[in-house]
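# Structure at a glance
These are the residues of each chain, in order.
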Amino acid sequence: MSFTAPIQLPGLALDPQWYKRAVFYEVMVRSFLDSNADGSGDLTGLVSKLDYLQWLGIDALWLPPFFQSPLRDGGYDVSDYTSILAEFGTVDEFRDLVTKAHERNMRVIIDLPINHTSDAHEWFQQSRSDPEGPYGDFYMWSDSDEKYPNVRIIFTDYEDSNWAFDPVRRQFYFHRFFSHQPDLNYENPAVVEAIFDIIRFWLDLGVDGFRLDAIPYLFVSEEGTGEGEPPTHEFLKKVRAMVDRDYPGRVMIAEANQWPNEVAAFMGTDEEPECHMAFDFPAMPRIFYSLRSQQAGELVRVLSEHTHVPEGAGWGVFLRNHDELTLEMVTEEYRQAMYGWYAYDPRMRVNVGIRRRLSPLLDNSRAELELAHALLFSLQGSPFLYYGDEIGMGDNIWLPDRDASRTPMQWTPDRNAGFSSADPGKLYLPVVQSLVYNYHHVNVESQLAQSRSLLHWIRNVIHVRKVHPAFGLGQLRVLPTNHDSVLAFVREYPGSGNQFGDAPETVLCVFSFAHNPAAVRIEAPEFAGQSLRDLFGGGDFPSFDAEGGIELTMGTQGFYWLHVGEGQFAGGRAS
Ligand code: NOJ
């Protein structure tokens, strides 16, 4: 497979706010490409696919943990933060990945699970066997399992307490996730120092930032819920100050599965910033709710809330990732509705969520996949794609836990989907062979050969997004419509006025969740008389009338991205 050169965006390489315009791609090293036939993906394999990712229009990779680990939680159970699991590669190979990515103007974000370690970590082994030693206080030990009564259990399918008894130390230790993942004791300054050293180690290796896994949970108090407690924010401010001082341009991304104001708190304030970005957990399930309920109301509500974020901070928007589609941020009534639509087989559920990939969730409907991606690429924030979703990969609900959607990337119709030349039985997980998503027909090679494939469509949308700065940098304002199924908003960008020279622009985005065609009137008096043009093909649309209304006819689950006003714009297809 060979790939033509992508559109180069002037400025993105040097822009200190590059992350606001970037398109991110989550790729598990284990799942992408196996270069040495041992059945597991590796760093060298990933390097060999950078051309593909560049062709697709990806600006930044997010790599889930690839450190030393017993892999009992997909690598989020780290047993040594500064070495790489042998089957994935070496530190030198990681350096090579960073260099080769940077050569392509692509950033590399790594994942740092610093709330907890694996129980196989040397720190824990020493802590349990030598309570008086240097690591004795590295974890949260107690003689009782009754402390912190307000702290909820996250892995509800697997754990019934946040405490586990250690027979060696003969005490209980606290854990927010699996019992083999003891929480670090952030009250101990030596832990904070050790974590700072780890962060510096990877920044010194050239990474462009990190996703801070499970970040709300660092500090816990007897009265609190252990989520976003004040000392956790103080810690983040210190990390941010260090990054800004010593590693400017690198970013911190918060994984905080919380309500909008609580998530925004992880970006800090203008005076005391914390993370540069936070994932938009509240918006994500509402996209799925709207698709099936045919109602735009929930999205309108959440997008109309004006959650203040500091200057320079941005959201990370996503549809799916390596975890379950979490339903923690919806009410019980909505959760039940979503289980009914999307997880009708109990095997599809895990914890408080749904362990399926995007395409099966949307029943492989091209219209729904396009609508969902059109939202992903136009909501306020930077889009995060999950590997394989660009070709509509399927899942395997017969595999345990979240492995259902972590199967090997499907490159070709050949053995092991072109992922590996190992004996098929040796793969870390089997490739998807289901009736609808079988790798014989769902793979990169066959989609490259079809100009109307989902892969080409997604690449095109990415490139259209990238030439319109309003998507990365503009404000979002919801507009009133007279149709319950239609969401309309504008992305308004006043122009940069800086050396990157972006012109002002306004884009009207309209989405219909109706399962039939719909006619809608959108009101925007401030645009009275203004013209509209389609961003994809440049076609003229009727102008806003003298009152600032516009009547649009929407196809079933259709959407429009329309340039508002006169003036040139750089639109069109990627070559
Ligand atoms: C969040 C990660 O996304 C998830 O995969 C992991 O299981 C938990 N943190 C615990 O580390």
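The residue numbering used here restarts from 1 in each chain and proceeds along that chain's sequence as written. Totals for whole chains, interfaces and linings use every residue, but because this is a predicted model, local features are given only for residues with pLDDT of at least 70 and side-chain atom pairs only at 80 or more, for both listing and counting. Processing note: side-chain calculations cover all non-hydrogen atoms of the structure and skip hydrogens and water entirely.

Quick look at the pairing of strand β7 (residues 163-166) now. By the bridge criterion, four bridges tie β7 to strand β8 (residues 171-174) in an arrangement that is antiparallel. Note on β8: the bridge partner recorded for Trp-163 is Phe-174. At least two DSSP bridges between two strands are required for those strands to pair. Secondary structure is summarised from DSSP: a helix means a run of H or I of at least four residues, a strand means a run of E of at least two, and numbering begins at the N terminus for each. The hairpin turn running from β7 into β8, its antiparallel successor, is four residues long, and Arg-170 in that turn takes a positive phi close to 55°.

Quick look at helix α6 (residues 122-129) now. Three or more residues of α6 are buried, namely Trp-123, Phe-124, Ser-127 and Arg-128. Buried positions in α6, seen along its axis, are confined to an arc of 120° and lie on one side of it. Should any heavy atoms of two residues lie within 4.5 Å, those residues are counted as being in contact. Buried positions along α6 lie against β4 (80-84), β6 (141-142), β7, β8 and α7 (189-204). Each residue's exposure class comes from its accessible area (1.4 Å probe, protein chains only) as a fraction of the maximum for that residue type: buried when under 20%, exposed when over 50%, partly exposed otherwise. Think of the arc as the fan of directions from the helix axis to the C-beta atoms.

All right, on to the sheet that holds β8 then. Ordered in space as β6-β8-β7, the three strands form an open sheet in which the pairing is antiparallel. If you trace the sheet from one side to the other, it starts and ends with β6 and β7, each paired once. Examined bridge by bridge, β6 and β8 share two bridges and lie antiparallel to one another. Opposite Trp-141, over in β8, you have Tyr-173 as the bridge partner.

Turning our attention to unusual backbone geometry. The phi angle at Asn-416 is positive, at roughly 50°, despite the residue not being glycine. Considering the arrangement of structural elements, one finds Asn-416 in the loop between β16 (382-386) and α15 (444-448). With a relative accessible area of 3%, Asn-416 lands in the buried category. Although it is not a glycine, Gln-557 sits at a positive phi angle of roughly 50°. Along the chain, Gln-557 turns up in the loop between β23 (549-554) and β24 (559-564).

Geometric values such as these leave the question of function open.
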